[in-house]
Amino acid sequence: MSAEVSEIWQARWLPASAFALTPNERDWLLNTASLTARLKALPGDFKLVLRIEQPLLLPEALAKHWCCAEGVVREVVLKVADIPCVYAQSFMPISTVQALTPLAQLGEKPLGEYIFQQESLERGDIELAEFANGFRLPELGAQAALFGRRSLFTLNHHQLLVQELFLPGLFELCRGT
């Protein structure tokens, strides 16, 4: 049975310059290093909770961009000290999954641990979106207003889209450090 895919990809994604960010938001949202590594550096145990990893028909805009209708979606919650900090959603065309087989077998391993070890990694521009108070995330429920970011990554000429929502728990956790 297929799980419902979150509607994160349907947000209004814009260049970062379109938003008034606090210094802390800017630091997290615009940082181009591995988010997984940054989260693991915070005090408390890091845990990835896999929500979805399944084949799907890609959203129309991605299908057009990749000239491919089929792909894989992956949604995870990244936790530190058992606090949900990031809700991440990744889309990969089937050609990427076939060419980069470790991506098809991640399970509860962080995507960032794989892609940031690849010498050929290229990250596209970071785009941001605002999610209104009450935006619902599967299994986490309604959220306070929050920001998300997305980037296209390229590995050995194969692309994937990573979208990350920075949950209020992350900023609360950071206040305590």
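Above this text you will find the structure in question.
Residues numbered from 1 in each chain as written. Predicted model: local features only at pLDDT ≥ 70, side-chain atom pairs only at ≥ 80, totals over all residues. Heavy atoms only, no water.

Draft legend 1. Just the environment of arginine 149, in detail. Residue position: arginine 149 is located in strand β9 (residues 146-155). Along the primary structure arginine 149 and leucine 50 are separated by 99 residues, whereas in three dimensions their C-alpha atoms are 19 Å apart. In terms of polar contacts, arginine 149 uses its side chain to reach the backbone carbonyl oxygen of tryptophan 28, at 3.3 Å. (Helix = DSSP H or I, 4+ residues; strand = E, 2+ residues; numbered from the N terminus. Polar contact = N/O pair within 3.5 Å; in protein donor to acceptor, adjacent residues only side chain to side chain.)

Draft legend 2. Structural context of the nonpolar core. In this structure, Trp28, Leu39, Leu42, Val86, Phe166 and Leu170 are the most contacted members of the largest nonpolar core, which totals 24 residues. Looking at this core, the elements that each hand over two or more residues are α1 (23-29), α2 (35-40), β2 (46-57), β3 (70-80), β4 (83-93) and α6 (168-175). The element best represented in this core is α6, accounting for four residues. Dropping the residues within four chain positions of it, valine 86 is found in contact with Leu35, Leu39, Val76, Val77, Leu78, Glu164, Leu165, Phe166 and Leu167. (Core = buried A, V, L, I, M, F, W, Y, C linked by side-chain atoms within 4.5 Å. Buried < 20%, exposed > 50% of the residue type's maximum accessible area, 1.4 Å probe, protein only. Contact = heavy atoms within 4.5 Å.)

Draft legend 3. Here's a closer look at the packing of aromatic side chains. In this structure the tally under the stated criterion is four aromatic pairs. Both rings, one in phenylalanine 19 and one in phenylalanine 147, keep their centres 5.7 Å apart while their planes meet at 90°; by these two values the pair is edge-to-face. You can see phenylalanine 19 sitting in the loop between β1 (14-15) and α1 and its partner phenylalanine 147 sitting in strand β9, a full 128 residues away along the chain. Measuring from ring centre to ring centre gives 4.8 Å for phenylalanine 131 and phenylalanine 135, while their planes differ by 55°; the resulting arrangement is tilted. Sitting over the face of the ring of tryptophan 28, arginine 38 holds its NZ or CZ atom 3.8 Å from the ring centroid. (Phe/Tyr/Trp six-rings, centres within 6.5 Å; stacked < 30°, edge-to-face > 60°. Lys NZ or Arg CZ within 6 Å of the ring centre and 35° of its normal.)

As far as function goes, none of this settles anything; it's purely spatial.
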